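Descriptive analysis of the structure
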Amino acid sequence: MKFSANWITELVPGLAVEPRELGTLITTKTAECEGTEAYAPFLEQVRLVRVVDVKAIEGSKNVYATIDAGPLGMKNVVCGAPNCRAGILAAWVMPGAELSGGKKIGKAKVSGHESEGMLAAGDEIGVNREHDGILEFSEGTPGERLAGIVPDHVIEIDNKSLTHRPDLWGHHGMAREVAAITGMALRDPVPQVSWDGAPVLKVEIEDTELCPRYSALVFENVTIGPSPLWLQYRLEAIGLNPISNIVDVTNFVMAELAQPTHAFDADLLKGETIYVRRARAGERVRALNDEEYALDEQALVIADAGGAEAIAGVIGGRPTGIHEGTKRVVLESANFQAASIRKTSSRLKLRTDASMRFEKAQDPRNTVRALARCWELFQVVSPGIRMVGGLIDNCAPMKDAPVIRLELDWLNRKIGRVVERGEVVRILRSLEFGVEEAGAGVLTVTVPSWRATKDVSIAEDLVEEIGRMIGYSSIPPQPPLVPAAPPAASPEREFQYALRLQVAAQGFTEVYNYSFLSEERAARFGFAEAEHVHVLNPIASDQGLMRVSLIPRIVQNIEDNARHMGEFRLFEIGNEVHKDGAGAAGGARAASGDGASDGLPRQIPHLAAAVFSKEGDGQAGLFELKRLAEVVAPGVEVERADEARGFEHPKRVWRLRWQGEVVGRLFELHPSQCEAGRGAVLDMDVEALYRLKPAGARHKALRRFPVSEFDLSVLTPLREEVGVVRSLIVRQGGEQVLGVEFVRQYTGAPLAEDEKSVSFRVTVGAADHTLAAEEITAVREGMIEAVKAAGYQLRM
């Protein structure tokens, strides 16, 4: 949310706090300020000038203009704008100015002529987004600064810190806070208006729970055109796009009072009644953004006799919107139920400046105030405009303002320091709470309507108001006098934390991904939509499913990082969410038990690690992940998987077996899933790893008798897996085999093209004696016979 420091200063007359200091005060007392940035500081070097003479430049679309800069004298400027002509008032940027983006303005030779400075278009000096011609002013004296267009500072407030404060979504609400913080007076920009005359339209509200109040005015003799430049500049500074005078006023008032309004072309509305009702099933609205939305019966619409013309609280309709030929206007200012607007906005995946304010629970008393302010500004931007009839106002009975009993002794105990009664009263009244005496040491506090919707309702809320205004730094830190006990140990959590450290120590970078997926991404990996838990209210259109695997997001990480790096390794430890309580590491049922007995979804922690490289054949990544699996689960066995899933390379996919159970998969991504290079992935069931982990290290005496080693080199087919041969050797060796280590692999002459030689180092020994040469030979011969029986040859 962006706030103009100039705007706040206008609402707090006499405020002399430097903008960055103001941002700090707002952070410490009200809401988190993310930063304060100067806006258009170069306007100090922009002056109003009159174009005196314009000469065409032969062979160029530019013209050579002589301008009158008042006290600064006559200047010459080369200009390429089509509207540069004698007699107009324009904005001249003086030599030496530096515009946004670092563009420096100076004296230069353009089209063969000396040019001093430049005549500016609206987008060049931050007034609007127009670049079709230079700015034209209707009045002013050459040499003066631009009226109402002066350097500003934009204070950026974190939206999340405003969610409970609907009043702070407008400059007047923030100015109230600033006035209270600085002890200044607040100016109310809303004029007092007498609403004479009978209403010329009817308003029917189907459900006052969904629309507690709908107010409107009707205007005639409207002229549509550009807004005054000061108004365009004010909107542009806070990120709103100037459109036309009537629409700009509605946006201005929304930014000032936090009350959205909407203008209809009265001549395009059908009938004499506006209906606020639920949408009919299948009803459609073509909105101002030129998108057509199909509505359900949960959405609230603004309708006329012909049907829905706007999506209430979200966006207006294009068919009845303001256009260049509009002569009569119906101006709406309404109040809607916050939850209804939020749900409609989420279902339509459409968040607007209006919906963001309505979903915070706006004050229904603010509707008429916004109309009064719009009426005042309409008379400025559209001279000759007339109000037709009086105020149209359909309003449900308003709730009484909450009254809270506040005991000062209790307040001081809660805050942690003594706050004098006079200070308490001053703070609350500066925030426009009503305060009355209710006995010794007791106050009754009346909550203002703009704080009563969903913000302040109990005495503890007043504690917060007092505490933030006196400054939390003024409260001496003191530990609470309550029993404190350490939480129960969580072995599973400790195991996962140790696992993170273990994987990171192997050179892998941890990533954190959302637990949500889109239907499209799930389908890409062959996961059926029906397998997933659906999110009822997704935070984005591509996050509607709870993930049943970490792999899709890991692959997305690979795709994102592959654009910037040639190789990397990363990992994530996170939960799979399985709809029926089941879960699998590589397709096998994982975990103890048969799934969730209560029918609830089950979360199963998994480790997913990936190694990517744009170079090579991918073997290095697979071996690196195999090594990681052995670090995580010592003694893990790798065996060929029965079949590959769609995203796995059909020839490079294995199961991981540990302690007799399948605990994961090791595979290379299918080339269609990783076009930038080679991606190897390890997926392990962390829950199974925790359950199968050894109980703990036990002391084992040092071996008393020496061991012996010998090598075996076996000829195998080129694509035979080394692990198959190794397992054969281990099984044949029996208890005397202490280890079988892969040493090397050889291909080339004199071997055939489809052959390779695989060498192992075998370690043998006994616990109670030194093996004799005959015993070692027997073990070796037995291994050789087993190798030959399996169809392999021994390489001598």
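None of these values were measured; they are calculated from a predicted model. (Residues numbered from 1 in each chain as written. Predicted model: local features only at pLDDT ≥ 70, side-chain atom pairs only at ≥ 80, totals over all residues. Heavy atoms only, no water.)

1. Re the sheet that holds strand β25 (residues 509–510)
- Pairing is mixed across the open sheet formed by seven strands, whose spatial order is β25-β28-β31-β35-β34-β33-β32. Across the chains shown, the open sheet's two edge strands, defined by having one partner strand only, are β25 and β32 (637–640).
- Pairing of β32 with strand β33 (residues 648–658) involves four bridges; the strand directions are antiparallel. From the neighbouring strand, Glu637 faces β33, where its bridge partner is Arg657.
- Its contacts with the sheet put helix α12 (residues 491–504) on β25, β28 (567–578) and β31 (602–613), and the angle it makes with β28 is roughly 160 degrees. (Pairing = 2+ DSSP bridges. Helix = DSSP H or I, 4+ residues; strand = E, 2+ residues; numbered from the N terminus. Contact = heavy atoms within 4.5 Å. Axes fitted to C-alpha atoms, helices over the stretch in contact; angles between N-to-C directions.)

2. Overview of the state of the cysteines
- Counted under the stated rule, the structure contains zero disulfides.
- Unpaired in terms of disulfides, Cys395 finds its nearest cysteine sulfur in Cys211, a separation of 9.4 Å.
- The class of Cys395 is partly exposed, set by a relative accessible area of 33%. (Disulfide = S-S within 2.5 Å. Buried < 20%, exposed > 50% of the residue type's maximum accessible area, 1.4 Å probe, protein only.)

3. Notes on a negative patch on the surface
- A contiguous patch of negative charge on the surface is contributed by Glu519, Glu520, Glu529 and Asp542.
- Along the chain, Asp542 falls in the loop between α13 (519–524) and β27 (545–546). (Patch = residues over 30% accessible without salt bridge, like charges linked within 9 Å, V, L, I, M, F, W, Y side chains within 5 Å. Areas by Shrake-Rupley, 256 points an atom, 1.4 Å probe, with all protein chains shown as cover. Salt bridge = Lys/Arg side-chain N within 4 Å of Asp/Glu carboxyl O. Lys, Arg positive; Asp, Glu negative; His and termini not counted. Charge placed at Lys NZ, Arg CZ, Asp CG, Glu CD.)

4. Topic: the pattern of salt bridges
- Using the criterion set out here, one finds 53 salt bridges in the structure.
- Ionic pairing is found between Glu721 and Arg640, a salt bridge with its closest N-O pair at 2.5 Å. Here the residue Glu721 occupies a position in the loop between β36 (708–717) and α17 (722–733), and Arg640 occupies one in strand β32, the gap between them amounting to 81 residues.
- The shortest N-O distance in the salt bridge between Glu648 and Arg665 comes to 2.9 Å. Taken together, the positions of Glu648 in strand β33 and Arg665 in strand β34 (residues 661–669) put the pair 17 residues apart, joining distant regions of the chain.
- One salt-bridge network, in which partners are shared between bridges, spans Arg165, Asp167, Glu177, Arg451, Asp455, Glu465 and Arg468.

5. Focus on the side chain of Glu465
- By the element assignment, Glu465 lies in helix α11 (residues 459–470).
- Not counting residues up to four positions away in its chain, the partners in contact with Glu465 are Ile427, Leu431, Phe433 and Arg451.

6. Overview of the sheet that holds β36
- Strand order in the open sheet formed by four strands is β37-β38-β36-β39, with antiparallel pairing between adjacent strands. With partners counted over all chains shown, the strands left at the sheet margins are β37 (737–746) and β39 (793–794), one partner each.
- Bridge count between β36 and β39: two bridges; the pairing is antiparallel. Bridging from a neighbouring strand, Leu715 pairs with Gln793 of β39.
- Taken strand by strand, α17 contacts β36, β37 and β38 (755–764), and its axis lies near 35 degrees from that of β38.
- In the packing of helix α18 (residues 773–789) onto the sheet, the strands contacted are β36, β37, β38 and β39, and the crossing angle to β36 comes to about 10 degrees.

7. Structural notes on the domain arrangement of the protein
- Assigned domains within the protein: domain 1 (2–40 + 153–182), domain 2 (41–150), domain 3 (202–395), domain 4 (403–474), domain 5 (491–692) and domain 6 (708–794).
- Centre-to-centre separation of domain 1 and domain 4, based on C-alpha positions: 22 Å.
- Across the boundary between the two partners, domain 1 contributes 11 residues, which contact 12 residues of domain 4.
- It is Lys29, Arg176 and Ala180 in domain 1 that bury the most area against domain 4; as a group they hold 52% of the surface buried on that side.
- Linking domain 1 with domain 4 are three salt bridges.
- Put simply, domain 1 and domain 4 have five residue pairs in polar contact (both at pLDDT 80 or more) between them.
- Mapped by element, the contributors of at least two residues to the side of domain 1 that touches domain 4 are α2 (19–29) and α3 (171–182).
- For the side of domain 1 that touches domain 4, the leading source of residues is α3, giving four residues.
- Split into classes, the residues belonging to the side of domain 1 that touches domain 4 amount to three nonpolar, three polar and five charged. (Domains from an automatic or database assignment. Buried area = accessible area lost by both parts, 1.4 Å probe. Polar contact = N/O pair within 3.5 Å; in protein donor to acceptor, adjacent residues only side chain to side chain. Nonpolar A, V, L, I, M, F, W, Y, C, P; charged D, E, K, R; others polar.)

8. Some details on unusual backbone geometry
- Cis rather than trans, the peptide bond between Ala749 and Pro750 has omega equal to 5 degrees.
- Tracing the sequence through the fold places Pro750 in the loop between β37 and β38.
- Even without glycine at this site, Lys349 takes up a positive phi of about 55 degrees.
- Even without being a glycine, Glu432 presents a positive backbone phi close to 70 degrees.

9. Re the environment of His606
- Take His606: it is sitting in strand β31.
- Overall, His606 belongs to the buried group, its relative accessible area being 0%.
- Counting along the chain gives 30 residues from His606 to Glu576, while the straight-line C-alpha distance between them is 6.9 Å.
- A distance of 2.9 Å separates the side chain of His606 from the side chain of Asp683, its partner in a polar contact.

10. A look at the side chain of Thr763
- Inspection of the secondary structure assignment puts Thr763 in strand β38.
- The class for Thr763 is buried, based on a relative accessible area of 17%.
- Setting aside residues up to four positions removed in sequence, Thr763 forms contacts with Val707, Ser708, Glu709, Gln736, Val737, Leu738 and Gly739.

11. Here we look at the packing of α17 against α18
- Two elements in contact, α17 and α18, have axes separated by 9 Å at closest approach and are oriented at 135 degrees. Our classification of the angle between α17 and α18 gives oblique. Judged by the twist between their axes, the crossing of α17 over α18 is right-handed. On α18, the residues that touch Leu728, Ile729, Gln732 and Gly733 of α17 are Gly782, Met783, Ala786 and Val787. (Parallel < 35°, antiparallel > 145°, perpendicular 65-115°, else oblique. Left-handed = near helix turned anticlockwise from the far one by under 90°.)

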